[in-house]
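Below are the chains, spelled out letter by letter.
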Amino acid sequence: MSAVLHEKVLDNSLNLLLEGFPFIHNRVKRFHSNIFKTRIMFQNVICLHGEEAAKVFYDPDKFMRFQAIPNRIQRTLMGKDAIQTMDGEGHLHRKAMFMSLMTPDSLYKLNRLLTQQWQAAIHRWEHQEEVVLFEETQDLLCRVACAWTGVPLINEDVRNRASDFAAMVDAFGAVGPRHMRGRIARKRAEAWIEDIIQRIRDGKLKVPENSPAHVIAFHRDIEDQLLDPHMAAVELINLLRPIVAIAWYITFGAVALHEHPVARRKIAAGEEGYVEMFVQEVRRYYPFGPSLGNRVKNDFTWGGHKFKKGTLVFLDVYGTLHDEQIWENPDEFYPYRFRYWDGSAFNFIPQGGGDHFTGHRCAGEWVTIEAMKVSMVFLSRYMEYEVPPQDLNFSLERMPTYPNSKFIMRNVRAVE
Ligand code: HEM
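Residues numbered from 1 in each chain as written. Predicted model: local features only at pLDDT ≥ 70, side-chain atom pairs only at ≥ 80, totals over all residues. Heavy atoms only, no water.

Colleague: Describe the coordination of the iron atom of the ligand, with residues and values.
Modeller: Just one protein ligand coordinates the iron atom of the ligand, and it is Cys362 (SG) at 2.3 Å. Structurally, Cys362 is set in the loop between helix H14 (317–321) and helix H15 (365–381). (Donors = N, O, S within 2.8 Å, 3.2 Å for Na, K, Ca; no water. Helix = DSSP H or I, 4+ residues; strand = E, 2+ residues; numbered from the N terminus.)

Colleague: Any chance you could break down the layout of surface pockets for me, citing the residues and the numbers?
Modeller: By volume, the second largest pocket is sized at about 350 Å³. Residue lining of the second largest pocket: 21 residues in total, with Pro60, Phe63, Thr358, Gly359 and His360 positioned closest to the centre. When residues of the lining of the second largest pocket are traced back to their parent elements, those giving at least two are strand S3 (63–64) and helix H5 (88–99). If you tally residues by element for the lining of the second largest pocket, the top one is H5, at 3 residues. Grouping the amino acids of the lining of the second largest pocket by side-chain chemistry returns 7 nonpolar, 8 polar and 6 charged. (1 Å grid on protein atoms, 1.4 Å probe; cavity = no way out; pocket = protein on both sides within 12 Å on 5 of 7 lines; lining within 4 Å. Points joined across faces, edges and corners; volume = space filled by probe spheres on them. Nonpolar A, V, L, I, M, F, W, Y, C, P; charged D, E, K, R; others polar.)

Colleague: Tell me about the pattern of salt bridges, and name the residues and values.
Modeller: By the definition in use, this model includes 25 salt bridges. Between Lys62 and Asp59 there is a salt bridge, with the nearest N and O atoms lying 2.9 Å from each other. Classification of Lys62 as partly exposed rests on a relative accessible area of 22%. We note a salt bridge from Arg186 to Glu190, for which the minimum N-O separation is 2.6 Å. Here Arg186 and its partner Glu190 are both found in helix H9 (residues 177–201), 4 residues apart, which amounts to about one turn of the helix. Exposure remark for Arg186: the relative accessible area of 3% places this residue in the buried category. Linked by salt bridges that have partners in common, Glu7, Glu19 and Arg27 make up one network. (Salt bridge = Lys/Arg side-chain N within 4 Å of Asp/Glu carboxyl O. Buried < 20%, exposed > 50% of the residue type's maximum accessible area, 1.4 Å probe, protein only.)

Colleague: Could you give an account of the packing of helix H11 (residues 229–259) against helix H13 (residues 274–285), with specific residues and numbers?
Modeller: Remark: H11 packs on H13, axes separated minimally by 10 Å, with the N-to-C direction vectors making an angle of 110 degrees. With respect to H13, the axis of H11 lies roughly perpendicular. As H11 runs across H13, the sense of the crossing is right-handed. On the side of H11, the interface is formed by Tyr249, Phe252, Gly253, Ala256 and Leu257, while H13 contributes Phe278, Val282 and Arg283. Residues of the contact of H11 with H13, tallied by class, amount to 6 nonpolar, 1 polar and 1 charged. (Axes fitted to C-alpha atoms, helices over the stretch in contact; angles between N-to-C directions. Parallel < 35°, antiparallel > 145°, perpendicular 65-115°, else oblique. Left-handed = near helix turned anticlockwise from the far one by under 90°. Contact = heavy atoms within 4.5 Å.)

Colleague: Would you mind going over the site of the ligand in detail, with residue names and values included?
Modeller: In the vicinity of the ligand, 26 residues are found, and the nearest of them are Tyr58, Arg65, His91, His360 and Cys362. The side chain of Arg65 places a nitrogen or oxygen atom 2.5 Å from an oxygen atom of the ligand. Broken down by secondary-structure element, the contributors of at least two residues to the shell around the ligand are H5, H11 and H15. Sort the elements by how many residues they give to the shell around the ligand and H11 lands first, with 7 residues. Residue composition of the shell around the ligand, by class: 14 nonpolar, 9 polar and 3 charged. (Near = heavy atom within 4 Å. Polar contact = N/O pair within 3.5 Å; in protein donor to acceptor, adjacent residues only side chain to side chain.)

Written as structure tokens, this is what we have:
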């Protein structure tokens, strides 16, 4: 038995904010250890890195989500007491509801909506001098998210609603005004969606029975009770907001297409299997979620280290996606690496690891992959555009991050 290597600091919260995405990986390299203890938010936190660590992190007998997600993230990104914070039977039951919305038929509908919205957007962009892709795709995805779930949305509201969903995402690693902006956005969105839930229940708003808004409005928990309207709104937003968040990956994808013209030509030519590998590489290479949190459920030992009940444990998502033991030349953008990827549920974890149905792994991972594939094909094959000189760099210290110029395009033309 060995004690976990302990970084002797009073508190590392500020360093976490300053170092950003590589915070855990920096220390893994410095200590030559995939596990170390530090202090964050004045608590002891064990940080884990790599595939073997991810396997243990996703063992529900060892870990729970109860009190693992800071209030400030719940009040901005995901909503208070939502599925992300649940454990055991309650979580399984709620997750089954989410996964019932991810059928091939439902994904097909989403795919059709996306195709329509991309076509409409390109025609609009042809008349614009300049297109800021990061913002335009938030709007595009917001329209798709609302149409797919059954939430009515008029044209005049698209920009404001999309920017509220984006603000919730943008707040997760923030303090100060950016955090406050996320809180206000969440309050406004919750009030809007709660009213929609109420109107669906009262029969005043008719939505298709199998639409996500209807399913969530009439979902019953394990005590056979309807969710209270606020919680139902929080969970419906747990579909709307992350669909808008795909704008982060699409924008990074556009940067990758621009920097790798050969890849763009392969996608345009429809090379078998290539667009999927490209999308996977975008999700691996570019930063989105830095780490995930859990609490130890019961005392256990792993790898000779003691984990005490109640200890907070972080899993290094970004570092694991850039680990040279798992990925050859991890800092190189190379889609073909996914030809040889072993398909492990624990080494490629941009949207969490483990099982989609029984664990906390992202319910919308297939939606994300599909939406990105459609988007990369539109950007490569169905439109031409110029990319004027601009600052496409992104900061690894900012969480979340995006290219500084938000990807500006000029002279957009549709290609039939
Ligand atoms: C959970 C990332 C898109 C719905 C998660 C988790 C991550 C994540 C890291 C937590 C995994 C864990 O705790 O182990 C992302 C990223 C996305 C994305 C980076 C794309 C930009 C989506 C989409 C949807 C969605 C499109 C729905 C349409 C959810 C839900 C959960 C979740 C409901 C909670 C699952 C649970 O706690 O069991 N996502 N996600 N996400 N995601 Fe996503």
